[in-house]
Structure formats: C-alpha cells, structure tokens
Amino acid sequence: MRKLTYYIACSIDGFIGDPQGDATSMYSFVNEEYMAWMNGEYPETVPAHMREPMGIDADNKHFDTVIQGFGSYRLALDAGVASPYAHLREFVATRSLTESPDPNVELIADDLVGRIRELKAEEGGLGIWLCGGSVVAGELVDEIDELVIKTYPQVYGSGMPMFGAGFEPRDFELGTVRVFDNGVLVRTYTRKR
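Residues numbered from 1 in each chain as written. Predicted model: local features only at pLDDT ≥ 70, side-chain atom pairs only at ≥ 80, totals over all residues. Heavy atoms only, no water.

Caption draft 1: Up close: the sheet that holds strand β9 (residues 172–179). The mixed open sheet is built from eight strands, whose spatial order is β5-β4-β3-β6-β1-β7-β10-β9. Lying at the two open borders of the sheet, with one neighbouring strand each, are β5 (105–108) and β9. If you compare each strand with its neighbour and ignore which way they point, the axes differ by 25° on average. Direction of pairing for β9 relative to strand β10 (residues 185–191): antiparallel, over a ladder of six bridges. Paired with Leu 174 across the two strands is Tyr 189, which belongs to β10. On top of the sheet, helix α3 (residues 70–78) reaches β3 (63–69), β4 (89–93), β5 and β6 (127–132); it is set at about 100° to β3, its chief contact. (Pairing = 2+ DSSP bridges. Helix = DSSP H or I, 4+ residues; strand = E, 2+ residues; numbered from the N terminus. Axes fitted to C-alpha atoms, helices over the stretch in contact; angles between N-to-C directions. Contact = heavy atoms within 4.5 Å.)

Below, the structure is given as structure tokens:
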C-alpha cells in the first residue's frame with residue numbers, strides 16, 4: 001500500500017495562503033540552508049522546469065505521483081507550463097477543465113477518493129504527494145497517511161486553511177521535527193489508524 005503524503009507550507013496559524021491562495025510572503029524565509037534541505041530531501045517537489053536551473057539532478061526520493069487541485073495547477077498553466085511535475089505521474093482534481101492540456105496530466109473530475117484509493121493500492125513504487133489545494137486536502141483528509149508541514153514564522157490571521165473540510169478531529173502521531181535558523185519548522189506526522 002502506497003502512502004498519501006500532504007507535503008505543504010503553512011503559516012503558524014495553519015493557512016497555506018491568503019484568501020486567494022497567494023503564499024508568496026513565505027518566500028522571504030527560503031534561505032540557503034533551508035533550500036538545500038528541501039532540494040536534498042524532497043527533490044521531486046521542485047517543478048520540472050526549475051530543476052535544471054537550480055542544479056537538481058536527483059532521483060525521486062519519496063514520491064512518484066502528484067495530485068493537486070486546479071487552483072494550484074492553474075499557477076503553472078498561467079506560467080505556460082502544462083506539466084509542472086513531468087518527472088512524476090500528475091493528477092489534477094478539477095471540474096473546470098474537460099480536456100488535459102498535457103498527456104502526462106490526468107484529470108480527475110469525479111470520485112477523487114476512489115481514484116486515490118486505486119493509486120494507493122498499486123504495487124511498489126514510491127508514495128503519492130498531495131501538492132496542494134485546501135479543498136482537495138479537505139476531500140482527501142481521511143486518505144492522508146502522512147503530513148509533512150513546513151511551518152513559516154508568520155501569522156496570517158485568515159486565509160486559505162490547510163484543510164477545507166468540516167470539523168472532525170483526526171489523530172496523527174508526531175514524528176520528526178526539524179528546526180531551521182530562519183524560524184521555519186518542518187514537522188512530520190503519521191496517521192493514527
């Protein structure tokens with residue numbers, strides 16, 4: 001059984017972006033030490049078109065598949081990139097697009113949970129990265145096996161929450177905690193089942 005991991009950046013108060021989803025204010029905390037860690041530990045999360053300019057020529061370590069919502073995917077489309085993670089199998093949960101703009105990108109319009117369960121049941125391979133989208137994370141919250149939360153030292157006050165879901169407590173067990181000099185914390189949690 002493959003794991004679904006929500007690898008996400010957020011503010012101290014749990015927002016992944018402002019009310020429109022913009023998280024560029026967090027970029028100011030991306031320094032050399034932190035960037036080296038992210039690129040070394042999670043090289044597959046760097047978009048394909050950025051890998052060469054950033055000097056990343058590493059194999060995927062954790063994930064071979066990515067799922068994201070249309071809001072996250074639209075950022076790439078707006079930049080003229082139809083397959084932002086061409087080095088992974090790409091899935092986009094959307095009802096807005098009816099035809100994929102790239103053969104590497106599979107659109108999921110219905111039964112997102114069912115499709116993720118199929119992907120998790122595949123033999124072998126690496127895990128599945130839930131890249132983003134508050135609504136998608138809310139729909140998949142019960143399928144998430146692991147959280148890797150990069151918490152930036154900012155308070156948003158309001159915005160796009162990590163999970164666009166109704167209230168229901170779900171328990172996770174704390175694993176590793178990595179603290180960086182820039183104030184960023186990276187915490188890993190495993191789902192208690």
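Caption draft 2: The arrangement of the packing of aromatic side chains in detail. The full count for this structure, using the stated rule, is twelve aromatic pairs. A centroid spacing of 6.2 Å and a plane angle of 20° characterise the contact between Phe 63 and Trp 129, whose relative ring orientation is stacked. Residue Phe 63 is found in strand β3, and its partner Trp 129 is found in strand β6; the two are separated by 66 residues along the sequence. Comparing Phe 63 with Trp 129, the two get one shared label, buried. (Phe/Tyr/Trp six-rings, centres within 6.5 Å; stacked < 30°, edge-to-face > 60°. Buried < 20%, exposed > 50% of the residue type's maximum accessible area, 1.4 Å probe, protein only.)

Caption draft 3: Spotlight on α3. Taken together, the buried positions of α3 are occupied by Phe 70, Tyr 73 and Ala 76. Angular distribution of buried residues about the axis of α3 spans 110°; they occupy a single face of the element. Turned more than 90 degrees away from the buried face of α3, the exposed residues are Leu 75 and Asp 78. Summarising the contacts, the buried residues of α3 are in contact with β3, β4 and β5. (Arc of directions from axis to C-beta.)

Caption draft 4: Geometry of the environment of Gly 69. Along the chain, Gly 69 turns up in strand β3. Exposure remark for Gly 69: the relative accessible area of 5% places this residue in the buried category. Taking the C-alpha atoms as reference points, Gly 69 and Arg 89, separated by 20 residues in sequence, lie 14 Å from one another. Excluding its chain neighbours within four sequence positions, the residues that come into contact with Gly 69 are Val 92, Ala 93, Gly 132 and Val 136.

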